[in-house]
Amino acid sequence: MTDNNITKDAMYEAVAPDDFESMLQLDRYNARSTAFDKIISATHDHFWDPLDKKYIDFDEPFDMENEALLPEEMVGALHTKYVSDILSDPKDRIRFINASTLRSLSSILHGEQGALNLSASLCHVLYDQGAQEYAANQTREEARHVTAFAKYIKARWGKPVACSPVLQALLVDIIGSPEVYKKIIGMQMLVEGLAMGAFATFFQKLNDPLGRKLMQLVMTDEAFHHKFGKIWADRTVPKLSPEEHIIIEDWAAHCFQTLLFNLVAPSEQRDLYEEFGLDPDKVIAEFQEMATDESRREDMKEATNIFRVLIKTLLNAGIITDRTRAFYGMYVDMDELKAEGDRMVGDDIAEDGIKYLQAINFKDRPANAPSALAAE
Ligand SMILES: [Fe+2]
Ligand SMILES: [Fe+2]
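Quantities reported herein were computed from a predicted structural model and do not represent experimental measurements.

**Q** With reference to specific residues and values, describe the coordination of the iron ion (ligand 1).
**A** Within the protein, E112 (OE), E142 (OE), H145 (ND1) and E222 (OE) serve as the donor atoms for the iron ion (ligand 1), at 1.9 to 2.2 Å. One can describe the donor arrangement at the iron ion (ligand 1) as irregular, given that its 4 donor atoms subtend angles of 91 to 141 degrees at the metal. All donors to the iron ion (ligand 1) come from one chain, and their sequence spacing reads E-x29-E-x2-H-x76-E. Here the iron ion (ligand 1) and the iron ion (ligand 2) are spaced 3.2 Å apart, linked through E142, which binds each one. Linking E112 in helix α3 (residues 90-125) with E222 in helix α7 (residues 209-236), this pair joins segments that are 110 residues apart in sequence. On the accessibility criterion, E112 (3% relative accessible area) is buried. Accessibility expressed as a relative area gives 1% for E222, which makes it buried.

**Q** I'd like to hear about α3, residue by residue, with values.
**A** Taking 1.5 Å as the rise per residue, α3 with 36 residues should run 52 Å; its terminal C-alpha atoms sit 52 Å apart, in good agreement. Judged by how many residues are buried, α3 sits mostly within the fold: 26 of 36 residues are covered. Sitting at the amino-terminal end of α3 is D89, which places a side-chain oxygen 2.8 Å from the backbone nitrogen of K91.

**Q** Please set out the coordination of the iron ion (ligand 2) residue by residue, giving values where relevant.
**A** Coordination of the iron ion (ligand 2) by the protein involves E142 (OE), E192 (OE), E192 (OE), E222 (OE) and H225 (ND1), with metal-donor separations of 1.9 to 2.5 Å. Along the chain, the residues donating to the iron ion (ligand 2) fall in the pattern E-x49-E-x29-E-x2-H.

**Q** Tell me about the pattern of salt bridges, and please be specific about residues and values.
**A** Evaluated as defined, the whole model comprises 19 salt bridges. Of the charged contacts in the structure, one is a salt bridge between R32 and E133, with a shortest N-O distance of 2.9 Å. Pair noted here: R32 is in the segment before α1 (37-42) and E133 is in helix α4 (residues 129-156), with a separation of 101 residues, a long-range link. Residue E133 is classed as partly exposed on the basis of its relative accessible area of 39%. Notably, a salt bridge pairs R103 with D271, separated by 3.2 Å at the nearest N-O pair.

**Q** Residues and numbers for the packing of α3 against helix α6 (residues 180-205), please.
**A** For the pair α3 and α6, interaxial distance at closest approach is 10 Å and the crossing angle is 145 degrees. Between α3 and α6 the crossing geometry is left-handed. Contacts from T101, S104, I108, G111, E112, G114, A115, L118, S121, L122 and V125 in α3 reach V180, K183, I184, M187, Q188, E192, F199 and F202 in α6. Among the residues making up the contact of α3 with α6, the classes are represented as 10 nonpolar, 6 polar and 3 charged.

**Q** Give a detailed account of the environment of Q132, specifying residues and quantitative values.
**A** Mapped onto the elements, Q132 comes out in helix α4. Residue Q132 is classed as buried on the basis of its relative accessible area, which comes to 16%. Residues Q132 and L122, spaced 10 residues apart in sequence, show a C-alpha to C-alpha distance of 7.1 Å. Discounting residues that sit within four places of it in the chain, Q132 has contacts with M23, R28, C123, L126 and Y127.

**Q** Any chance you could break down the packing of aromatic side chains for me, citing the residues and the numbers?
**A** Inspection of every chain in the model, using the stated rule, returns 10 aromatic pairs. Feature note: the residues F36, Y134 and F228 constitute an aromatic cluster, connected by ring pairs. Between R28 and the ring centre of Y127, over which it is positioned, the NZ or CZ distance is 5.5 Å. Over the ring of W251 we find K182; its NZ or CZ atom is 4.8 Å from the centre of that ring.

Reading the values: rules and limits
Residues numbered from 1 in each chain as written. Chains lettered and ligands numbered in written order. Predicted model: local features only at pLDDT ≥ 70, side-chain atom pairs only at ≥ 80, totals over all residues. Heavy atoms only, no water. Donors = N, O, S within 2.8 Å, 3.2 Å for Na, K, Ca; no water. Tetrahedral: all angles 85-135°; square planar, octahedral: opposite > 155°, others 65-115°. Helix = DSSP H or I, 4+ residues; strand = E, 2+ residues; numbered from the N terminus. Buried < 20%, exposed > 50% of the residue type's maximum accessible area, 1.4 Å probe, protein only. Expected span 1.5 Å × (residues − 1). Polar contact = N/O pair within 3.5 Å; in protein donor to acceptor, adjacent residues only side chain to side chain. Salt bridge = Lys/Arg side-chain N within 4 Å of Asp/Glu carboxyl O. Axes fitted to C-alpha atoms, helices over the stretch in contact; angles between N-to-C directions. Left-handed = near helix turned anticlockwise from the far one by under 90°. Contact = heavy atoms within 4.5 Å. Nonpolar A, V, L, I, M, F, W, Y, C, P; charged D, E, K, R; others polar. Phe/Tyr/Trp six-rings, centres within 6.5 Å; stacked < 30°, edge-to-face > 60°. Lys NZ or Arg CZ within 6 Å of the ring centre and 35° of its normal.

So this is what it looks like as structure tokens:
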């Protein structure tokens, strides 16, 4: 077992990805951790099937030509005078908003594929069977997310667009990495945290009932995935040496920067601008002007709100110290976050979704069963 994993708790003990022999140790079989059992068994409560119309029906129509999927405030480029002037025809604006939404949803689809492969890779390295069963269960849930987002994109646009190079590089890095801390921070805390924020925002802002339902169903699963990362942090961060803390804190900041860049950097959207006859350099230049304008920046807060959940997770987990605090402070008000307490923006949406699923899954079970999300 290698120290590079920064393992501080037996249930996150890990071996090399190709070390199957270790799995055959006899004393391992009776040492299964029970820490994840409640999360694993809760999976039945929030079961759903993207191929079963009882849960979600991807044939529900939406008028893509005449209706915008998102309000204009959600699409940064439309805040620039240059883009707003050229796309003055309401129909062009709708087309632009919907094309921009395809970019976001394609990122999510590729992220879900990354989560599927990453959780499968955790099965190979985690030594504890309880942790392995958790990871196998997550793999299964991520697989239905890939199916569901692929079906939604097919229904609304036909097909997804390519993964951006920065997101791809991050996913390749964490899936291939033998270090467990890189996987858990990169995926369970950062990507899952961003996903919870993005899904909550899309749930609130999407103009398409099918899209909103998709977000809620996925959130019923993601809330638990995010929790797995939180349990790891609770059991790991307090025991880190100062050197290890620096490694973890820097890795988290690196992942955050990559995800932020992928999501909001106008340089990542060049092909979208070109598709609409816009000069990408002009759009990027106006974006930069906007970033220095206080009132315009307020307008843009909506887009960075997506990062609140994940910054809050890192903050509450004790991963962010004064070394990197200012870096995150550029995007959200850190004192405000600290004062908000533990509750996450997506928790209520996920809980309502779980109730909806329980009603379908357990028609005959008495009401007022305890909330599955409270499981830890
Ligand atoms: Fe997922
Ligand atoms: Fe997930």
